[in-house]
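# Architecture and fold: a report
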Amino acid sequence: MRLRAKQRGVTLLIFALVLILGFAAVLYSRLGRWTNATTTTRNVNAQVLQQAKAALIGYVVKEVLDLGNDFPGRFPCPESPGNAGTASEGIAAGTCSPTFPANKTVGRLPWRTLGLDKLLDASSEPLWYAVSANWAFDASPPAAGKMINVASATPASGNLSVDGTNNVVAVIFAPGPPLLTNPSAVQIAAGCTASNQSRSDRSHVPTGATPDYRDYLECQNASSPVDDTFGVSVVDNATNPVINDQAVVITASELLNAMQGPLAERLQRTVAPLLSEFGDVWVSGNKFLPYAVPFTAPENNIAANAHCGPSASAQQREGLLPIALNAAPCASSWIGNFTGDGITSGGCNTAAPVVCSFNYYRFTALGQLLLGITGANSITATLQANAPHGAASFRARSVQSTADITVTAGSATLSNFSIAPKTDGDVGLSVQASVSAPNICKDSLLGGLTCNGLLGFLLVTQQTVSVQFAQLATPILAGSKLSAGAKNGHAGPFDLLNPAAGDPHYWFIRNEWYRYAYYAVAPGTSAAQAGGNMTVNGFPAANGLTNDKRFVLALMGPAVTGQTRPAVAINQYVEGQNALTGGSPRAFAYQVYTVSGNDRIATCPFTDGVSPCD
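Below is a summary of the structure that appears in this document.

Reading guide: rules and limits
Residues numbered from 1 in each chain as written. Predicted model: local features only at pLDDT ≥ 70, side-chain atom pairs only at ≥ 80, totals over all residues. Heavy atoms only, no water. Helix = DSSP H or I, 4+ residues; strand = E, 2+ residues; numbered from the N terminus. Rg over C-alpha atoms; globule rule 2.2 N^0.38 Å. Buried < 20%, exposed > 50% of the residue type's maximum accessible area, 1.4 Å probe, protein only. Contact = heavy atoms within 4.5 Å. Areas by Shrake-Rupley, 256 points an atom, 1.4 Å probe, with all protein chains shown as cover. Lys, Arg positive; Asp, Glu negative; His and termini not counted. Charge placed at Lys NZ, Arg CZ, Asp CG, Glu CD. Salt bridge = Lys/Arg side-chain N within 4 Å of Asp/Glu carboxyl O. Disulfide = S-S within 2.5 Å. Core = buried A, V, L, I, M, F, W, Y, C linked by side-chain atoms within 4.5 Å. Pairing = 2+ DSSP bridges. Axes fitted to C-alpha atoms, helices over the stretch in contact; angles between N-to-C directions. Polar contact = N/O pair within 3.5 Å; in protein donor to acceptor, adjacent residues only side chain to side chain. Bend = angle between axes of the 7 residues up to and from the residue. Phe/Tyr/Trp six-rings, centres within 6.5 Å; stacked < 30°, edge-to-face > 60°.

## Notes on the overall build of the protein
Looking only at helices and strands, the protein has seven helices and 24 strands in total. For 614 residues, the compact-globule estimate of 2.2 N^0.38 gives 25 Å, and the C-alpha radius of gyration of the protein, at 37 Å, exceeds that figure by more than 25%. Taken along its principal axes, the extent of the C-alpha atoms in the protein is 165 × 50 × 45 Å. Each of the 614 residues in the protein was classed as buried or not, and the buried ones make up 48%. Counting contacts in the protein only where the partners sit at least 6 residues apart, residues at least 24 apart contribute 68% of the total. Approximately 26,200 Å² of the protein is accessible, and the part contributed by carbon and sulfur atoms is 56%. Charge separation in the protein, taken as the distance between the mean sites of 36 positive and 37 negative side-chain charges, equals 9 Å.

## Some points on the pattern of salt bridges
Under the defined criterion, the tally for this structure stands at 15 salt bridges. In this structure, the salt-bridge partner of K287 is D614, at a minimum N-O distance of 3.0 Å. A residue pair is termed long-range when its members are at least 10 positions apart, and K287 in the loop between α4 (272-278) and β9 (318-320) and D614 in the segment after β24 (600-604) qualify at 327 residues. A single salt-bridge network, built from bridges that share partners, covers E79, E89, R108 and K118.

## Some remarks on the state of the cysteines
Tallied over the entire structure, the rule returns six disulfides. The disulfide bridge from C77 ends at C96, spanning 1.8 Å between sulfur atoms. On the sign convention where negative means left-handed, the S-S torsion of about -120° between C77 and C96 marks this disulfide as left-handed. Of the two residues, C77 is situated in the loop between α1 (2-64) and β1 (106-108) and C96 in the loop between α1 and β1; the sequence distance between them amounts to 19 residues. Each member of the pair, C77 as well as C96, is classed as buried. Two residues share a disulfide in this structure: C192 and C219, whose sulfurs sit 2.1 Å from each other. Linking C192 and C219, the disulfide has an S-S dihedral of approximately 105° and is accordingly described as right-handed. Pair noted here: C192 is in the loop between α2 (185-189) and β6 (195-196) and C219 is in the loop between β6 and β7 (229-230), with a separation of 27 residues, a long-range link. In the protein, the bonded cysteines, numbered by position in the sequence, are linked as 1-2, 3-4, 5-6, 7-8, 9-10, 11-12.

## A few points about the nonpolar core
Grouped together as the largest cluster of nonpolar side chains are 130 residues, with contacts concentrated most on F75, W334 and F508. Membership of the second largest hydrophobic core comes to 13 residues, among which are A130, F173, L217 and V226.

## Here's the deal with unusual backbone geometry
For the bond from G492 to P493, the omega torsion is 0°, close enough to zero to count as cis. Of note, the amide linkage connecting R565 to P566 takes the cis form, showing an omega dihedral of -5°. With respect to the helices, strands and loops of the structure, P566 is situated in the loop between β22 (551-555) and β23 (587-589). Even without being a glycine, S124 presents a positive backbone phi close to 65°. As for its placement among the helices and strands, S124 is situated in the loop between β1 and β2 (128-131). Phi is positive for N301, which is not a glycine, with a value near 55°.

## What to know about the sheet that holds β24
Across the sheet, four strands lie side by side as β9-β20-β22-β24; this open sheet has antiparallel pairing. Unpaired on one side and paired on the other, β9 and β24 mark the two borders of the sheet. Between one strand and the next, the sheet's axes are offset by a mean angle of 25°, whatever the strand orientation. Pairing between strand β20 (residues 517-521) and β22: five bridges, direction antiparallel. Residue pairing for β22: V521 is matched across the bridge by F551.

## What about the pairing of strand β15 (residues 413-421)?
Taken together, the seven bridges between β15 and strand β16 (residues 427-441) define a ladder with antiparallel strand orientation. The residue of β16 that forms the bridge with S418 is S430. Counted between consecutive antiparallel strands, the loop separating β15 from β16 contains five residues, among which G425 sits at a positive phi close to 100°.

## A word on the side chain of N149
Inspection of the secondary structure assignment puts N149 in the loop between β2 and β3 (160-162). What makes N149 buried here is its relative accessible area of 4%. From its side chain, N149 meets the backbone oxygen of N511 in a polar contact 2.7 Å long. Discounting chain neighbours no more than four positions away, the residues touching N149 are L256, N511, E512, W513 and Y516.

## Looking at helix α3 (residues 252-270)
Considering bend angle alone, the principal kink of α3 is centred on Q260 and spans about 45°; proline P262 follows within four residues of it. Of all the residues in α3, the buried ones are A252, L255, L256, M259, Q260, P262, L263, A264, R266, L267, Q268 and T270.

## Observations regarding the packing of aromatic side chains
All told, the structure shown has twelve aromatic pairs when counted by the stated rule. Ring geometry for F295 versus Y573: centroids 5.4 Å apart, planes at 65°, classification edge-to-face. Taken together, the residues F295 in the loop between α4 and β9 and Y573 in the loop between β22 and β23 connect sequence positions 278 residues apart. Residue classification places F295 among the buried residues on the basis of a relative accessible area of 16%. What makes Y573 buried here is its relative accessible area of 0%. Taking 6.1 Å as the distance between ring centres and 75° as the angle between the ring planes, the aromatic pair formed by W334 and F469 counts as edge-to-face. A residue pair is termed long-range when its members are at least 10 positions apart, and W334 in the loop between β9 and β10 (335-339) and F469 in strand β17 (residues 460-469) qualify at 135 residues. Accessibility expressed as a relative area gives 0% for W334, which makes it buried.

Written out as structure tokens, the structure is:
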């Protein structure tokens, strides 16, 4: 009996063990299938999110080459909420606003605008999309603080934050299936709210309501009102699921690096030809371009009106573009005096137009009698005038010859006119004024006396001669070296430094890309007019020679590995050969490959059969 009982006990134990093992096998199988399903879902979502990301970046980069786009770098708005489930589904809204349910910076991905099929996640849900208000398209010119350039890559510019990454400009979501959530206290503190997501909208039922982002996205992604903080990681989500969004981000650096090539191409088409045309204004038979603003960290945000080279000091051929208008502190107002035998100078005023004067003296009858001197029949006064910053700023040569100078008081004949940029950064003007009249007093006739010192004795009378001419001005260019496509329907003329909306170079000035365009002028193209041209190594043979470059614009990109900004050193902004400022004439690299680098070059001469940049 004992043996049988013992045998039955062993049998029961074996049977129980088999049941346990069987249950474990079933459980393991189901867990495996669940894990595999989760992995599959995430993989499907990752693929579709990457496809959407590539399309968004491609769309923005393509728009850079649209010369009618004054603000390249803007993302399209999300789909207009009213377009869901209609024939206009997938088309971006015309403007963005963070206020729901109007057009907003959070909405469904505008797949049709991007040229995509309607992308769905693993739960057959359309993708959603959030964009920084600073980078979103706006039908009107954006505010000054919403310009697109390299500075836009900094977190301080108001970009999105996604799970602690602060330089995000756009984020794309796979929303997953709807959730019924009851967040814990710590999850509420992390930005989650209780939700029973309802999706009876037009994305599922044609007669439904406008899609509400809060029925698709959760926690920080569903903040109301919309803010700049997003994320897909929430504490304790594995034990109490409150979010199932999956996301991919686009950072400012990613986008700007993708834009570098097209931006340089646009710089070559729209800015370089204008600089080439300006180069023909000053020096007959040769090119002239002004000296550079000494390089300082672009992040210092030097006011545009301070972008002029220093005057009357050592000038620099490399730095930043001197795009300051002819106004304080970079005003190029003529300062001058007349010199000559027997004259006194009245100097020049600083108004526009400029008036410069001098006095000369004629012997009276009493003077001739007492001094026994009849005087001379003519006198010549020479005006020497300087315009500060004139050779270290872009200025129009508003005085071409004596025909542009008017004698406004007295009588004089003008001759020996010259005007030219000077190596000290000024522009120099010289002209002679000759007066013919009897009994003219000259100091050289009086020994140790001066003509103006005889007035108290009533021996001479004072005569005044005044001349008038224009101040240097902001250069206005015909656009003769721009292609028809670059003109974008604008006939010109074009204000080089203060362009109107739609002008070819408006995007460059308005978005302050000049802060991130390193400028170098060849020695022979500077005021020195000697020393040769620069070399651009790696320059495409189809676009001309490598060693005849009169200027270079090196478009800086976001910081690369090893660079720290802001900084004083140029090698923190341009890379490789472009950062080696020694040597004359200077050599640049068309593209940097030997080290990590993202510089792109626009230069001149440049041959493409379209824009005659010579």
